[in-house]
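Given next are the chains, with one letter for each unit.
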Amino acid sequence: MLMPRMRTDDFFKIKIQHLATKNRTEFQGWVTEFSDKFTSNWTPTNVYGRMDPLATFSGTSRIISLGFDVVSDSVNEAIKNLRKVDALITFLYPVYEQQAFTGNQRVGQTIKAAPLIGLEWTNLIADASAGGQLVGYLGGLTYAPDMKEGGFGASDFRSS
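Residues numbered from 1 in each chain as written. Predicted model: local features only at pLDDT ≥ 70, side-chain atom pairs only at ≥ 80, totals over all residues. Heavy atoms only, no water.

Peer 1: If you had to explain the pattern of salt bridges to someone new, which residues and values would you point to?
Peer 2: Enumeration according to the criterion identifies six salt bridges in this entry. Across the pair Asp-10 and Lys-13 runs a salt bridge, and its minimum N-O distance is 3.7 Å. Looking at Lys-13, the relative accessible area reads 25%, which means it is partly exposed. For the salt bridge of Asp-10 with Lys-15, the shortest nitrogen-to-oxygen distance reads 3.4 Å. (Salt bridge = Lys/Arg side-chain N within 4 Å of Asp/Glu carboxyl O. Buried < 20%, exposed > 50% of the residue type's maximum accessible area, 1.4 Å probe, protein only.)

Peer 1: Account for the sheet that holds strand β2 (residues 23-27), with residues named and values stated.
Peer 2: The sheet built from four strands is open, its strands ordered β2-β1-β9-β10 with antiparallel pairing. Here the strands that pair on one side only, and so sit at the sheet edges, are β2 and β10 (134-137). Taking each pair of neighbouring strands and ignoring which way they run, the sheet shows an average axis angle of 25°. Strands β1 (14-18) and β2 of the sheet are contacted by helix α2 (residues 75-90), whose axis makes an angle of about 130° with β2. (Pairing = 2+ DSSP bridges. Helix = DSSP H or I, 4+ residues; strand = E, 2+ residues; numbered from the N terminus. Axes fitted to C-alpha atoms, helices over the stretch in contact; angles between N-to-C directions. Contact = heavy atoms within 4.5 Å.)

Peer 1: Run through the packing of aromatic side chains, naming residues and quoting values.
Peer 2: Applying the stated rule across the entire model yields four aromatic pairs. Centre to centre, the rings of Phe-11 and Phe-12 are 5.2 Å apart; their planes meet at 80°, and the pair counts as edge-to-face. Taking the relative accessible area as the measure of exposure, Phe-12 reaches 10% and is therefore buried. (Phe/Tyr/Trp six-rings, centres within 6.5 Å; stacked < 30°, edge-to-face > 60°.)

Peer 1: Go over unusual backbone geometry, please, and point to the residues and values.
Peer 2: Unusually for a residue other than glycine, Lys-22 sits at a positive phi of about 70°. With respect to the helices and strands, Lys-22 occurs in the loop between β1 and β2.

Peer 1: Help me get a handle on the nonpolar core, residues and values and all.
Peer 2: With 11 residues, the main nonpolar core is built from Ile-14, Ile-16, Phe-27, Val-31, Val-85, Leu-88, Phe-91, Ile-117, Leu-119, Trp-121 and Ile-125. A total of three residues in this core trace back to one element, the largest contributor, which is strand β9 (residues 116-121). For Leu-119, the residues in contact, after removing those within four places along its chain, are Ile-14, Lys-15, Ile-16, Ile-125, Gln-133 and Leu-134. (Core = buried A, V, L, I, M, F, W, Y, C linked by side-chain atoms within 4.5 Å.)

Peer 1: Now, about the environment of Gly-108: what can you tell me, with residues and values included?
Peer 2: Here Gly-108 lies in the loop between β7 (105-107) and β8 (111-113). Residue Gly-108 is classed as exposed on the basis of its relative accessible area of 51%. Linking Gly-108 and Gln-98, residues 10 residues apart in sequence, is a C-alpha distance of 9.7 Å.

And the structure:
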């Protein structure tokens, strides 16, 4: 069975870096879903005298979908995993310039850097030519704890 090895082997770790801040987080590689979709984008134009349209190529897009379970064997590991999930959620947001204040009022915010990420998982999500992380962005994130599996109680967290 490969699943326990996927949790402990560095090759299977899901490595994510917020490029603007250089903050990183890693999850043990308990991947439950993976797909890598490439789509060529063409604009067809019907012209007089042709049965088939003339098509103009505009680009290729790629969407990677990755689902994984975050498993905690202990209260300490659960706390670490919650911090990792929190960090991952912050990777969805851009970095803003320091806010200026006039008196007690805030004066606008300016985006300093987009929320680009570097993502790496095994050899399936990696820069094929140079190795290492693949640069992109998170199109969204779903955090859905499996509530039927139970959890740790508040008293467990206080004692750790």
